[in-house]
Amino acid sequence: MMAMRPRHWAGALALWALAGMAGAQPVKVGVIGPFSGPSSDFGTPMLQGIQLAVEQFNAVGGYLGRPVELVVKDDQGSPDTGRQRSQELASEGVVAALGFCNTGVAMKSLDVFQQAKLPLIVPCATGTPVTRTYPAAQSFIFRTSAPDNIQAPFVVEDILRRGWTRVALFADDTGYGQAGRKDVEAALAAHQLTPVYATNFPLGVKSLAPQLQAARDAGAQVIFSYTVGPENAVIAQGRKELGWKVPQVGGWTLSFPFFIQGGKDAAEGALTAQTFIAEPSNERRASFLSTYARAFKGRPAVPMAAAQGYDAAYLLMYALLGIRDGQVNGPALKHSLENLQRVYYGVVATYERPFSAEEKEAITPNMLVMGKVQAGAVTFAYPEDAKRNLLVQRKR
């Protein structure tokens, strides 16, 4: 028999592992997010990151020979639909769930998972209240995205270093926008500052010209926007139409296609808090980006969503591996997530004990970098951040 070449071993092992799982009872994991509708441009990359991780996990044997099977539900970015889909997941035998991109949608459904004692890992929604709804020790709600109470201070610190102290604050009226507004106001207050102008607006607004003019009249030096959709581009285009050359800054949503493509040249130079920038700054990230591109025929529309979904799925699967007796249920997974024995070398971070009974957030401020919209993509705003990103950060 011809000897198998080393480069063929990985593929052969994957085939043997899959053959061994044939007929094995799957471990069902729910995935919920906006896979249609206005928020799908970051919901879909989140789903694809999760799918990629699960495919890799199953290819090497899954959990004790059992494959992980994803049960996918589309919340359409609607709080009511999200709650209904969450209830469906809880009734369909999933042992845990990954999901939510919209803070308002997540908030309407958290109690479904908490009452069912099903761990929920949130890869995208960043509203601060998501992980504060329940006392940490009892909470089944975990997160691998950067909460707004660290994003907002991070951006505020940056704009103050640049000498911009007169801030106009634009926030939509969703749960995300309003929670973000509170975090920005708190971050400014820590420096004895208040916005020189602040306004709320509904999703779907087509013009904010009067509000932008009022902000300009108030002497704002920078616009801090907190909205999840095309309204970020409405702000950018409105600023351009006024001939008002002030920068626009914000949380991670300024990296979305809605803003970059919708704002066009008016989006150039915007500054945004990021956990992951789609540049091959180290081996792990280069491997993830190339694998994703092969699997899905291109780069992710929102790289942070894909990377955070990928890492969230692996953390859940590492928690599965921590249950050695095969008795998988929600409380056992919660305990395992809070006491992970293995370090997961992820693409956003190196996760060494990312969670505990008293800590449900995996991301800390040292993992953030400032991104800058440039030539239709997001790159590093500072060369030193690009250098620092050669090393994947650990939790502090």
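Parameters at a glance
Residue indices begin from 1 for each chain and proceed along its sequence in written order. It should be noted that, the model being predicted, local features are given only for residues of pLDDT at least 70 and side-chain atom pairs only at 80 or more, the latter also being counted only at that level, while totals for whole chains, interfaces and linings use all residues. Each side-chain value is derived from all of the structure's non-hydrogen atoms; neither hydrogens nor water enter the calculation. Two strands qualify as a pair provided that DSSP identifies no fewer than 2 bridges between them. In this text, helices come from DSSP runs of H or I with a minimum length of four residues, and strands from runs of E with a minimum of two, each type numbered from the N-terminal end. An axis is simply a line fitted to the C-alpha atoms; with a helix, the fit covers only the stretch in contact. Between two such axes, the angle follows the N-to-C directions and lies from 0 to 180 degrees. Contacts are assigned to residue pairs with any non-hydrogen atoms lying within 4.5 Å of each other. The rule for a disulfide is simple: a pair of cysteine sulfur atoms within 2.5 Å. To sort residues, take the accessible area from a 1.4 Å probe on protein chains only and compare it with the maximum for the residue type: under 20% means buried, over 50% means exposed, and anything in between is partly exposed. Whether two aromatic rings pair depends on their centres lying within 6.5 Å, for rings of Phe, Tyr and Trp, where Trp uses its six-membered ring; planes under 30 degrees apart make the pair stacked, over 60 edge-to-face, and the rest tilted. Whether a charge lies above a ring is judged from NZ of Lys or CZ of Arg, which has to be within 6 Å of the ring centre and within 35 degrees of the ring normal. Every case where a carboxyl oxygen of Asp or Glu lies within 4 Å of a side-chain nitrogen of Lys or Arg is listed as a salt bridge. Side-chain atoms within 4.5 Å link the members of a nonpolar core, which is a set of buried Ala, Val, Leu, Ile, Met, Phe, Trp, Tyr and Cys residues. Here a polar contact is recorded for every N or O atom pair within 3.5 Å, except that within protein the pair must consist of a potential hydrogen donor and a potential acceptor, and residues adjacent in sequence are included only if both atoms are side-chain atoms.

Caption draft 1: Representation of the sheet that holds strand E6 (residues 167-172) within the structure. The strand order E7-E6-E8-E9-E10-E13-E14 describes an open sheet built from seven strands, whose pairing is mixed. If you trace the sheet from one side to the other, it starts and ends with strand E7 (197-201) and strand E14 (377-380), each paired once. Adjacent strand axes in the sheet meet at a mean angle of 30° when their direction is disregarded. Bridge analysis of strand E9 (residues 248-250) against strand E10 (residues 271-274) gives two bridges, and the strand direction is parallel. The residue bridging glycine 250 from the neighbouring strand is threonine 272, located in E10. Sitting on the sheet, helix H5 (residues 148-161) is in contact with E6, strand E8 (222-226), E9, E10 and strand E13 (369-374), with an inclination near 170° to E8. Here helix H6 (residues 175-189) sits on the sheet in contact with E6, E7 and E8, set at roughly 160° to E6.

Caption draft 2: How the structure looks around the state of the cysteines. Counted under the stated rule, the structure contains zero disulfides. Unpaired in this structure, cysteine 101 has its nearest cysteine sulfur neighbour in cysteine 124, at a distance of 3.8 Å. Taking the relative accessible area as the measure of exposure, cysteine 101 reaches 5% and is therefore buried. Note on cysteine 124: relative accessible area 0%, which makes it buried.

Caption draft 3: A look at the packing of aromatic side chains. A full pass over the atoms with the stated rule returns 17 aromatic pairs. Counting every residue linked through ring pairs, the aromatic cluster contains Phe276, Phe288, Tyr292, Phe296, Tyr310, Tyr314, Tyr318, Tyr344 and Tyr351. In this structure, lysine 334 is placed above the aromatic ring of phenylalanine 140, and the distance from its NZ or CZ to the ring centre is 5.6 Å.

Caption draft 4: Looking closely at unusual backbone geometry. Of note in this structure, lysine 117 is not a glycine but carries a positive phi near 55°. Within the secondary structure layout, lysine 117 lies in the loop between helix H4 (103-116) and strand E4 (120-122). What makes lysine 117 partly exposed here is its relative accessible area of 46%. The phi angle at arginine 353 is positive, at roughly 50°, despite the residue not being glycine. Checked against the element boundaries, arginine 353 lands in the loop between strand E12 (350-351) and E13.

Caption draft 5: Structural view of the pattern of salt bridges. Under the counting rule described, the total for this entry stands at 14 salt bridges. Residues arginine 83 and aspartate 111 are paired through a salt bridge, measuring 2.7 Å at the closest nitrogen-oxygen approach. Within this pair, whereas arginine 83 is found in helix H3 (residues 79-91), its partner aspartate 111 is found in helix H4, the two being separated by 28 residues in sequence. The partly exposed category is assigned to arginine 83, whose relative accessible area is 24%. Between aspartate 158 and arginine 162 there is a salt bridge, with the nearest N and O atoms lying 2.9 Å from each other. The exposure class of aspartate 158 is buried, given its relative accessible area of 1%. Connected via shared salt-bridge partners are Lys73, Arg85, Glu88 and Glu92.

Caption draft 6: Molecular detail of the nonpolar core. Ranked by internal contacts, the top residues of the largest apolar core, which has 81 residues, are Phe224, Trp252, Phe276, Phe288 and Leu333. In terms of residue count, the dominant contributor to this core is helix H11 (residues 303-321) (13 residues). Those residues within four positions of phenylalanine 288 in sequence are excluded, and the remaining contacts are Leu52, Phe276, Ala306, Ala307, Tyr310 and Val347.

Caption draft 7: Examining the side chain of threonine 144 more closely. Mapping threonine 144 onto the fold places it in the loop between strand E5 (141-143) and H5. A polar atom in the side chain of threonine 144 sits 3.4 Å from the backbone oxygen of glutamine 308. Not counting residues up to four positions away in its chain, the partners in contact with threonine 144 are Ile121, Val122, Pro123, Gln308, Ala312, Leu315, Phe355, Ala362 and Ile363.

Caption draft 8: Region of the structure containing the environment of glutamine 248. As for its position among the elements, glutamine 248 is in strand E9. C-alpha separation for the pair glutamine 248 and alanine 168, spaced 80 residues apart in sequence, amounts to 9.6 Å. Look past the residues within four positions of glutamine 248 in its chain and what remains in contact with it is Ile223, Ser225, Asn232, Ile235, Ala236, Arg239, Leu254, Phe259, Ala270 and Leu271.

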